[in-house]
Amino acid sequence: MKRVFNFSAGPAVLPEEVLKEASEEMLDYQGSGMSVMEMSHRSKYFENILNDAIADLRDVMNIPDNYKVIFVQGGASLQFAAVPMNLMKNKKADYILTGQFSTKAYKEACMFGDIKVLASSKDKNFTYIPDCSDLDVRDDADYVYICENNTIYGTKFKELPNTKGKPLVSDQSSCFLSEPVDVSKYGVIYAGVQKNVGPAGLVILIIREDLISDNFQFITPTMLKWKTQVDNNSLYNTPNSYAIYICGKVFKWIKKMGGLEQMKKRNLEKAKILYDYLDNSKLFKCNVCKKDRSMMNVCFTTNNEELDALFVNEAKNYDIVNIKGHRSVGGMRASIYNAMPIDGVKRLVEFMEKFEREHNL
Ligand SMILES: *Cc1c(COP(=O)(O)O)cnc(C)c1O
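Computed from a predicted model, the values in this text were never measured in an experiment.

What to know about the packing of helix α2 (residues 44-61) against helix α6 (residues 241-257)
- One way to put it is that α2 packs onto α6 with a least axis distance of 9 Å and a crossing angle of 40 degrees. The angle between α2 and α6 falls in the class oblique. Crossing of α2 against α6: the hand is left-handed. Contacts from F46, I49, L50, D52, A53, D56, L57, D59 and V60 in α2 reach S241, I244, Y245, G248, F251, K252, I254 and K255 in α6.
- Residues of the contact of α2 with α6, tallied by class, amount to 10 nonpolar, 2 polar and 5 charged.

Written out as structure tokens, the structure is:
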């Protein structure tokens with residue numbers, strides 16, 4: 001058996017320790033005689049898994065008491081519709097467009113109300129984060145929406161927008177648990193877990209209590225109402241139980257590693273190795289505005305399609321896989337989430353150095 005350095009943007013690398021533990025518990029979870037996949041979601045075993053996961057997440061993120069945590073299904077993309085359906089009272093919302101996922105969310109929201117684009121970085125193919133310190137937020141906007149880390153373009157909001165008191169809704173899918181956040185600054189945080197936390201298909205929502213209600217503006221399906229899962233502790237129907245179990249293990253792993261401060265330190269260190277190399281390279285370039293660079297998704301290119309393809313292909317010989325950039329950007333992308341060991345980043349830079357020596361004239 002051999003593990004590779006998996007730079008995939010998602011589903012992505014998970015802590016080896018967590019995978020080993022899960023494999024040891026696969027056939028017999030804590031004396032139950034069955035796998036977590038096979039057990040009732042109403043069993044005592046699963047009830048403990050769920051409640052521990054929520055408690056550990058609250059602890060790791062220091063989530064204030066007036067926020068609820070729920071697990072839902074359908075991927076982050078289903079929340080593009082759930083957000084307006086749950087939050088719109090005036091049927092008005094203001095969006096900041098910094099990439100493909102916020103644009104998708106914007107288009108979805110347009111089906112439900114009057115949506116204003118407050119700022120966008122589309123003019124430069126989303127290579128930067130617009131200045132959001134003084135936006136023209138509408139007085140009757142129900143919320144302001146951002147995608148905090150742009151998985152495809154490698155940018156990240158380093159400062160949250162000034163929402164003029166309106167609730168901030170943030171898609172944190174690709175930066176969730178990568179560093180400490182002040183939850184009290186948000187109305188809603190949500191994240192598809194397959195980027196930094198667990199198996200695909202599960203979404204975690206952290207919602208300020210006063211934003212949870214029966215919203216009668218729309219005929220909202222029961223399963224799309226956040227209140228349904230809040231009132232039922234995420235057990236209205238059968239949840240994605242195995243994914244919740246893995247997430248719970250990852251929360252414990254983060255605690256053991258020293259919490260989010262420590263995650264941030266590790267992630268900064270990893271990102272610095274890569275960006276420092278890129279900034280001094282004559283062959284590779286990072287086209288993302290320096291101050292807005294993501295520490296999770298690092299995009300780079302040789303500005304030569306053939307050479308990029310050769311790089312991606314030869315990388316496999318060094319156990320470096322899934323390094324190809326998103327088709328809308330081209331080039332390469334190294335996703336270096338929490339579980340990517342520093343050795344993976346060092347290996348990548350070693351290979352880049354070698355490749356540069358061989359191909360830079
Ligand atoms: C991957 C991703 C999504 C989409 O997630 P799905 O689970 O595939 O719907 C949305 N937002 C961001 C920021 C992502 O990285």
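Notes on helix α3 (residues 75-87)
- With 13 residues, α3 should cover 18 Å at 1.5 Å per step; its first-to-last C-alpha distance of 19 Å lies within 8% of that length.
- Along its length, α3 shows its largest kink, about 35 degrees, at A81, and proline P84 lies within four residues downstream of that point.
- In terms of burial, α3 is largely enclosed, as 11 of its 13 residues are buried.
- For α3, the complete set of buried residues consists of G75, A76, Q79, F80, A81, A82, V83, P84, M85, N86 and L87.

A word on the sheet that holds strand β5 (residues 144-147)
- Ordered by their spatial adjacency, 7 strands build an open sheet running β2-β10-β9-β8-β5-β3-β4, and the pairing between neighbours is mixed. Strand pairing shows two members of the sheet lacking a second neighbour, β2 (67-73) and β4 (114-120), which therefore form its edges. Direction aside, neighbouring strands of the sheet carry axes that sit 20 degrees apart on average.
- In this structure, strand β3 (residues 92-97) lies alongside β5, joined through 2 bridges in parallel fashion.

Topic: the site of the ligand
- If you check the shell around the ligand, you find 13 residues, and the closest are S77, T151, D171, Q194 and K195.
- Note that a nitrogen atom of the ligand is positioned 2.6 Å from one of the side-chain N or O atoms of D171.
- In the complex, the protein chains occlude 85% of the 390 Å² of accessible area that the ligand would expose alone.
- The biggest single contributor to the shell around the ligand is α3, with 4 residues.
- Looking at the shell around the ligand, its residues break down into 4 nonpolar, 7 polar and 2 charged.

Basis of the calculations
- Residues numbered from 1 in each chain as written.
- Predicted model: local features only at pLDDT ≥ 70, side-chain atom pairs only at ≥ 80, totals over all residues.
- Heavy atoms only, no water.
- Axes fitted to C-alpha atoms, helices over the stretch in contact; angles between N-to-C directions.
- Helix = DSSP H or I, 4+ residues; strand = E, 2+ residues; numbered from the N terminus.
- Parallel < 35°, antiparallel > 145°, perpendicular 65-115°, else oblique.
- Left-handed = near helix turned anticlockwise from the far one by under 90°.
- Contact = heavy atoms within 4.5 Å.
- Nonpolar A, V, L, I, M, F, W, Y, C, P; charged D, E, K, R; others polar.
- Expected span 1.5 Å × (residues − 1).
- Bend = angle between axes of the 7 residues up to and from the residue.
- Buried < 20%, exposed > 50% of the residue type's maximum accessible area, 1.4 Å probe, protein only.
- Pairing = 2+ DSSP bridges.
- Near = heavy atom within 4 Å.
- Polar contact = N/O pair within 3.5 Å; in protein donor to acceptor, adjacent residues only side chain to side chain.
- Areas by Shrake-Rupley, 256 points an atom, 1.4 Å probe, with all protein chains shown as cover.

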